[in-house]
Amino acid sequence: MNKMSTDVTLNVTEIQRFCMHDGPGIRTTVFLKGCPLRCAWCHNPETQEYRSQILFYPSRCIGCGGCVAVCKQKVHTLREAHLLDRKNCTGCFSCTGICPTAALEPCGEKMTVEEILSVLEKDRAFYGTDGGITLSGGEPFAQKSAIDLLKACKERGLSTAVETCGHVDEEILREALPYVDLFLWDIKDTDPERHEKHTGVSNEKILKNLKTLDGLGAKIRLRCILVNGVNTDISHYQAVANLAKSLKNSVGVEFIPYHAYGGTKSTFLGNADNGNPDWIPDAAQLKEARDVLAVHGIFVG
Amino acid sequence: MEFYAQNHRKRPVRLSHATRKFAYDSLHYQYGLDTRKTLAVSMDDVPNFENLSPLERHDLSIEKIAREAPIRICDGEKVSGAATLGLAIEHKVPATFGGKEVFAGMSHLTVDFETVLKKGVNHIKDTAKAALLRYEGTEKEPFSRSCLRCLAAMETWHGRYLEALKDRPEYRKNYENLQRVPFAPASNFYEAVQSIWFTFAFLRLCGNWPGIGRLDWLLGDYLKKDLEDGTLTLEEAREILAHFFIKGCEWITGVPNGSGDAQHYQNILLAGIDEKGNEVTNQVTYLVLDLLEELGISDFPTSVRINQNTDEALLRRVAEVMRLGGGTLAIYNEDLVIQTFVKEGYEEKEARKFANDGCWEVQIPGKTYFIYHPFDSLQILQKTTLQSYEKPLEFADFEALYQAYRTDLANFLDTWANHTAQSFTRQENGTWHWNPRTPYTVVSLFEEGCVEKGLSYAEGGPIYNILSPHIGGLADTVNSLYAIKKLVYDEKRIPLPKLLEILKNDWQDEEVLRQIALNRYSYYGNDNDEVDAIAARLLSDFSDLCNGLNGRCGYRFPAGVSTFGRQLGWSVHRLACPHGRHRSEVLAANCSPTPNTDREGATAIIKSYCKADLSKLPTGAALDLKLLPSSVEGEDGLQALMGLMRGFVALGGFFLQPDVVDASLLKEAQKCPENHQTLSVRVSGWNARFVTLDKQWQDMVIEQNEH
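Residues numbered from 1 in each chain as written. Chains lettered and ligands numbered in written order. Predicted model: local features only at pLDDT ≥ 70, side-chain atom pairs only at ≥ 80, totals over all residues. Heavy atoms only, no water.

Before going further, it helps to spend a moment on the side chain of Q515 of chain B. For Q515 of chain B, the location among the structural elements is in helix α21 (residues 511-519). In contact with Q515 of chain B, not counting residues within four places along its chain, are I62, P100 and T101 of chain A together with R520 of chain B. (Helix = DSSP H or I, 4+ residues; strand = E, 2+ residues; numbered from the N terminus. Contact = heavy atoms within 4.5 Å.)

Written as structure tokens, this is what we have:
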């Protein structure tokens, strides 16, 4: 057995099978924890922080008190409602281990590459020539071990895709490149100021990395979130089109409409619901974005 | 004139306006309501009718039906013949005496259309005449005479159509075709379609519900020749075949009943290999798929035989039609079905001919008497093995419990087989004899063996005679056993007598334990080897027990799995289950997981199911799979559907019924999430199982699906 892959671990929030829209064919998607961006519209807030957390679904709690009994830190109190004092939580996951209704779930579990591979192998019969595995998150490359996982996948003949925000050290991307069949590259916004305002980082590094990887022959599909009133303007679509056309190895563009479910998920982490229904684009906006790209002859997935 | 499609997809338009209008009217009950206007012929005027022999009463009924059934020629129809008596829609021979029907119809068989096409009904008549000569003066003489009388009745009915079409120039082709077929062999595609249709319509007119079988295999060579000769264009062929499909809707009445108004077991199979091992797929295969795509007719549930080498183009076309929804298309893994039949004792070239019984149970068409007996394995576990939880039972370990259950299952099958077999047969001087049954002469004419042997369809006439026990309750039984294994024996959370007491009280005051049972174990359908091994073992043992029944009489007892909709009726009588189910809650269908227990999605369900050796289940094991239209959108979605089918074949699945479902079903899923656990939904960039979404989010997805 490969010694490396038994020792190297990654912090995983979820491994989802039968994903049909994280790259071609049937895929298994590994969601990795931690992200350098703080997008205001984040769809997966449970993957922002690098440390493991507890997800709490109040509607599932039956008030059995098992967690109160098992928690040494006294994080849980049960009166009229089940309250969590999260700042005292050390992440021992004793409560999630005992909760009979899965009202308390671990968010972020250390898994070895071998352990992850054993899940990825489960759907091998369905991957065919097009499908395979996708790393998502969070920012997969925020955990350097992601490269070990990708390498191990390629050694086993599994096709790989990585959904990245691109805000990563160039060296890591260069190192990963031989083991990535497809990059699903997020373009949150093409306007530099808006990008920084809504994601917390400049898009300079992201675009530079994109250009570098393209120059190295990486196969890239751009994924662009559409947030009503933020980036739903023609000049943005035009800029996306120009960006796609500037790439030698682009395999199309996808527009992803914003949804507010991320806000609901935030509440399960003990944060406020920051979902914004006004941000949801309508079908006409989605169509407009696609049409602009189609005019340029760009494949829109 | 729109034909319904999931997700408001546009269906293509290829057929003429007139043909589309014909389809539209037919799908909106025009001909079904007409059929119901005349329910049956009356036998009240036949002197002494009630004292005649069953065979005599039967033949007189068929003769009168042939003489008196209304003749219907639809505007512009390209094929003629119509089953116009309403009682036939109810699976009865449409002849009454004193206001009551005289005989039931027959179904669960696909008849021998090959002989009709290639040799003509006159060939069957010759066979019947020869049989009469052989059997004159023996106990078989009455049946041989009955064969000839029913064939004569068919000629009478046929003659009435010729008469009705004769002087109508717009139906000149229909008239010319019917002058030859179905009595003479078909000489071209158009005649072949008319030949099958007319024979099918006659069988249905007499109250029977046969399946169609391998339509592309039956018709492919005729079309190929006509296209090569230039006597027919592909467009003309599509129109002709469309009329076959549209005429097949003449029993749709819109009248609600339990399983819908449009299920008369008229199934069609496409593609797969022929007797010699060559791929059958031809122009007819694609024409049928075109028609299903354009008209959305779901009255001929169509299955495609897929194998490891199935052409990419066919698989893609199947996926395209499949994602329009309605569950019209299903797939067989023919590699496994053929292997199963060979193991069961059929010759390989015979096994390759398999079709179904008009539902999804597989059989050799035109040669098989088939009946299945459904039972609930959970009932045996609860009532017999666990004695309705009335006693403080203990078993040394899980193995002892399993063995006790296996013994109870064996005893059940033994008792059933003796009882059922004896109602069909009797033993005299050491040999089995068939008991006389309802004289099903009309279907007997089109089943190899019956006419020759002078034995009716239900009296051992066909080549193969099958009584198939069908196990139901699979997932619930397996999950019950697994939950006991974990709770009682592995983790020792609770002793068995105490658990049985709790179950007897339907989990009252034991919600924590119930939640542990529900949530902390991974049940059948989640690709968990430990529980799937129990399912595999149970199915294997069941199959062995069924094999042990063979040889008791002239039947074989191959195993199968099904519940169809019976689990709905069973559920109210079942006690609480160790896996957290309350008394009377919903149960699993066919080979599907217990509702509310599958959490890993479609691929995990298929894997759990495929871990059993399904080749030990010769009459079939169906898996239902619900998919959302949004999850099969775009090229990615198409690839995913193809990937599912490929994986299903590679893993050794038997029969897969995928269904792409729409917003109205989502609303239902919202109300009853326990029944819709497998729905996966596209949520911008990722998929989630619908029922795991919050209400507000579900509402949004529903809205998306309504646009």
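Here the narrative resumes, following the displayed structure.
With that out of the way, let us pick up the side chain of T160 of chain A. Within the element layout of this structure, T160 of chain A appears in strand β9 (residues 160-164). When near neighbours in sequence (up to four residues on either side) are disregarded, T160 of chain A contacts R27, I133, L150, C153, K154, Y179, V180, D181 and L182 of chain A.

Here we come to the nonpolar core. Membership of the largest hydrophobic core comes to 231 residues, with the highest contact counts inside it found for F189, L215, L241, F245, L499 and Y609 of chain B. It is helix α8 (residues 189-205) of chain B that contributes the most residues to this core, twelve residues altogether. Look past the residues within four positions of L215 of chain B in its chain and what remains in contact with it is I196, L241, F244, F245, I268, L269, V284 and V288 of chain B. Residues I147, V180, I187 and L243 of chain A belong to the second largest nonpolar core, which totals 54 residues. (Core = buried A, V, L, I, M, F, W, Y, C linked by side-chain atoms within 4.5 Å. Buried < 20%, exposed > 50% of the residue type's maximum accessible area, 1.4 Å probe, protein only.)

Quick look at the packing of aromatic side chains now. Residues and elements named next belong to chain B. In total, this model carries 33 aromatic pairs over all chains according to the counting rule given. A centroid spacing of 5.6 Å and a plane angle of 80 degrees characterise the contact between W197 and F244, whose relative ring orientation is edge-to-face. Of this pair, W197 sits in helix α8 while F244 sits in helix α10 (residues 234-247), and the two are 47 residues apart along the sequence. Here F244 falls in the buried class, since its relative accessible area comes to 1%. (Phe/Tyr/Trp six-rings, centres within 6.5 Å; stacked < 30°, edge-to-face > 60°.)

What follows concerns the interface of chain A and chain B. Tallying the contact residues gives 35 residues for chain A and 41 residues for chain B. Three residues, F18, H21 and F126 of chain A, lead the burial of chain A against chain B; their summed loss comes to 24% of the area buried on that side. Applying the counting criterion to the chain A and chain B interface returns two salt bridges. A salt bridge links R221 of chain A to D636 of chain B, with the shortest nitrogen-to-oxygen separation between them at 3.6 Å. Here chain A is connected to chain B by seven residue pairs in polar contact (both at pLDDT 80 or more). Looking at the side of chain A that touches chain B, the elements that each hand over two or more residues are β1 (9-19), α3 (94-98), α5 (124-127), β11 (220-226), β12 (250-257) and α11 (261-268) of chain A. Top element by residues in the side of chain A that touches chain B is β1 of chain A. It accounts for four residues. (Buried area = accessible area lost by both parts, 1.4 Å probe. Salt bridge = Lys/Arg side-chain N within 4 Å of Asp/Glu carboxyl O. Polar contact = N/O pair within 3.5 Å; in protein donor to acceptor, adjacent residues only side chain to side chain.)

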